[in-house]
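Structural overview
Single-letter residue listing:
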Amino acid sequence: MNLDFSWLADPYYQYWLLRGLGTTILMSVLGLVLMMVIGIAGALIIHLRVPVLATWTTLFVEMFRNTPPLVQLFFLYFMLSEMGLTLTDPATGQRIPIFSGFTCAVLSLGLYNGALAIEIIRSGLLAVPLQTVEGARSLGYSRVQTFRYIELPIGLRLSMPAMTNNVVSLIKTSNQAALVAVADIMYTATQIMLENFRNLEVMIFVWVVYVALSSLAVVAMRYIDRLIRIPGYGAVA
Amino acid sequence: MVTAVTRVNAPKSRRKWQLASLVSLACAIGATAIPAKADQLEKVKERGKLVVGIKTDYPPFGYLGADGQVKGFEIDIAKFVAKELLGSADAIELVPVVASNRIELLNAGRIDAIFATLGTNPDRAKIIDFTHEYYQMEGMVLLTSKDSAITAWEEVKGKKLCGIQGNLYNRTLTEKFGAETVLFAGTAEMFKAFQDNRCEGIAFDGPILNMKVAEDGWKDKYKIAVGAFAFNPIAGGVRKGEVAFLEAVNKAITDAEAKGVLVASEKTFNMGASEYVAKRAEEAKAKAN
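Residues numbered from 1 in each chain as written. Chains lettered and ligands numbered in written order. Predicted model: local features only at pLDDT ≥ 70, side-chain atom pairs only at ≥ 80, totals over all residues.

Focus on the overall build of chain A
To keep things clear, this is the line we draw: Each helix is a run of DSSP H or I of at least 4 residues and each strand a run of E of at least 2, with the numbering of both proceeding from the N terminus. Burial is judged by counting the other C-beta atoms within 10 Å of a residue's own C-beta: 20 or more makes it buried, 12 or fewer makes it exposed, and any count in between marks it as partly exposed, with every C-beta position built from the backbone. By the convention adopted here, residues are in contact when the distance between their C-beta atoms, placed from the backbone, does not exceed 7 Å.
In terms of regular secondary structure, chain A is built from nine helices and two strands. Relative to its 237 residues, chain A shows a buried fraction of 34%. In chain A, the proportion of contacts linking residues at least 24 apart, taken out of those at least 6 apart, comes to 76%.

What follows is the structure, encoded as structure tokens:
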């Protein structure tokens, strides 16, 4: 089995791959930010049992967690314009879709992993000992204050391992953007494969890239975990 | 060495199991690298079925008819080859492929032959073997809306053009003409994205775009703005080094031409009677007699 990686020296291919890598990283970062915002907001709404919003949020979680992220992406990319969500392009006067391919990909990642994040953070919040919460309430903290100063900090720390899973899942799911013509690393690697037919070598390269990206994310999460650990609290991992 | 690959803190008995599992995993990976050697033609005859990769989204070469059956110009050729090799036109398994995976599937052994609008070029010839060419396909044409101002390939500079991944001309579009390509895996996504105005035009093969622009709903809104700058022959594809199999398939294709199968297919699928196919039929008939 002789592997030929000489195509990596081609400057044209290098430009493509670097551009793809940049797009993947940017998509992942933006998706992560959106995911955390949705996760914390949703967990807050459901945990505090806000009257109407809690039902809507639960519906949102069920809808976006129980459908494949690819279906959600295709819906955003192909179906929204069908439903009338279009803008009028000032230059040509034509009706163009409201979201570009990149935006659709980031949105689908944020919504799908955000729904998962809501459940993960909620699991962390439910793991906060009841006595701690009761102690806070008896000291005079209101429900929102208890959430903000006691439950959320402890809950986030308790849900770190599951959240690491979610972060890695987001980075890996980002490769579905290649199916809506977003030039991420998967898309550019496919282009290269179709030109030089070195399928095995290109796929090994993509595999290495994703392992490296995910490992970086895991190392970052472990570092954050160690940084924010409450000394002496809970089981020592 | 043993301590390097197993967890240092595990007790000795556990380390032995860890080492054994690592070694067996390495053996499994190594075993998959050993290729199996057997003649393709014999394998196909033994199996009793020819597995062919075909297009199912590309009228008139291979598409899903209204009755749910796969039909097309290339399906007719493939069925004739199966009949010659195995005695029956039904001893065939049609596997849907797209441009971005057909060569991969062939080299991985999942299909025996490609009959899926495979254009010939020297880069591909290094990886697979081509059969006799059987059709001259019109090259890349540009489909735009009726009120588009583009009249020549040079005018697409900086514009977004939809296309299919793996098409021969994509690189020419970006390098020579400076267009920005928005590429998809299948034709359905490509047409939908174009209708959503995600790109200014579709740059894809002539036959399928010509058929599309004659369809209801398309003919009054879109037109072919720029014609092809080259014609490209298409052929079947087989794995490299399968001499007996290639010979058998080539003979079957020539027999199909001599018997007028391709000329008849052209008529069935409204492809227009091309000179190329008629000429090849004549030559094949002359050689057979």
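Some words on the domain arrangement of chain B
All names here are of chain B. Here is the rule we go by: How far each domain reaches was decided by an automatic or database domain assignment. Classification convention: Asp, Glu, Lys, Arg as charged; Ala, Val, Leu, Ile, Met, Phe, Trp, Tyr, Cys, Pro as nonpolar; all other residues, Gly among them, as polar.
Domain assignment breaks chain B into domain 1 (40-138 + 232-288) and domain 2 (140-229). With twelve residues of domain 1 at the interface, the matching set in domain 2 holds 16 residues. Those elements that provide at least two residues to the side of domain 1 that touches domain 2 are strand S2 (57-58) and strand S7 (128-138). Broken down by class, the residue content of the side of domain 1 that touches domain 2 amounts to six nonpolar, four polar and two charged.

Description of the interface of chain A and chain B
Across the boundary between the two partners, chain A contributes 15 residues, which contact 16 residues of chain B. Contributing elements (two or more residues each) for the side of chain A that touches chain B: strand S2 (95-97) and helix H8 (185-196) of chain A. Top contributing element to the side of chain A that touches chain B by residue count: H8(A), with four residues. Each residue belonging to the side of chain A that touches chain B can be placed in one class, and the counts come to eight nonpolar, five polar and two charged.

Focus on the sheet that holds S2(B)
Sheet strands associate in pairs through backbone hydrogen bonding, adopting either a parallel or an antiparallel arrangement. Residues and elements named next belong to chain B. So the rule is basically this: Think of it this way: DSSP has to see at least two bridges between two strands before they count as a pair.
The antiparallel open sheet is built from three strands, whose spatial order is S2-S3-S4. Each having just a single partner strand, S2 and strand S4 (70-71) make up the two edges of the open sheet. The pairing of strand S3 (residues 62-64) with S4 spans two bridges and is classified as antiparallel. What sits directly across from Tyr63, in S4, is Lys71.

A short note on the environment of A:Ile120
Assignment of secondary structure puts A:Ile120 in helix H4 (residues 101-126). With 77 residues separating them in the primary sequence, A:Ile120 and A:Ala43 have C-alpha atoms 8.6 Å apart.

Notes on the sheet that holds strand S8 (residues 140-145) of chain B
Residue and element names in this part refer to chain B. Filter applied, for reference: Orientation is described by axes fitted as lines to C-alpha atoms, over the contacting stretch for helices, and by angles from 0 to 180 degrees between their N-to-C directions.
Ordered by their spatial adjacency, five strands build an open sheet running S10-S9-S11-S8-S12, and the pairing between neighbours is mixed. Unpaired on one side and paired on the other, strand S10 (180-184) and strand S12 (222-226) mark the two borders of the sheet. Going across the sheet, the axis of each strand differs from the next one's by a mean of 35°, ignoring polarity. This element, helix H8 (residues 187-195), spans strand S9 (160-164), S10 and strand S11 (201-205) of the sheet and lies at about 160° to S9. The sheet contacts of helix H9 (residues 206-213) involve S8, S11 and S12, and relative to S11 the element is tilted by about 130°.

Here we look at the packing of helix H10 (residues 243-258) of chain B against helix H12 (residues 275-288) of chain B
All names here are of chain B. Going by this rule: Orientation labels follow simple angle bins: below 35 degrees gives roughly parallel, above 145 gives roughly antiparallel, 65 to 115 gives roughly perpendicular, and whatever is left gives oblique.
Following both chains from N to C, one finds H10 and H12 inclined at 105°, their axes separated by 7 Å at the closest point. By the criterion of interaxial angle, the relationship of H10 to H12 is roughly perpendicular. Seen from H10, the contacting residues are Thr254, Glu257 and Ala258; seen from H12, they are Arg280, Ala281, Ala284, Lys285 and Ala288. Within the contact of H10 with H12, the residues separate by chemical class into four nonpolar, one polar and three charged.

With respect to the nonpolar core
The condition is simple: Defined on buried residues, the nonpolar core groups Ala, Val, Leu, Ile, Met, Phe, Trp, Tyr and Cys residues joined through C-beta atoms within 7 Å.
Judged by nonpolar contacts, the single largest core of 126 residues is most densely connected at B:Ile77 and B:Val81. When residues of this core are assigned to their parent elements, the largest contribution, 13 residues, is made by H4(A). A domain split of this core shows at least three residues from each of domain 1 (40-138 + 232-288) and domain 2 (140-229) of chain B. With near-sequence residues (within four places) excluded, B:Val81 lies in contact with B:Leu50, B:Val249, B:Ala252 and B:Ile253.

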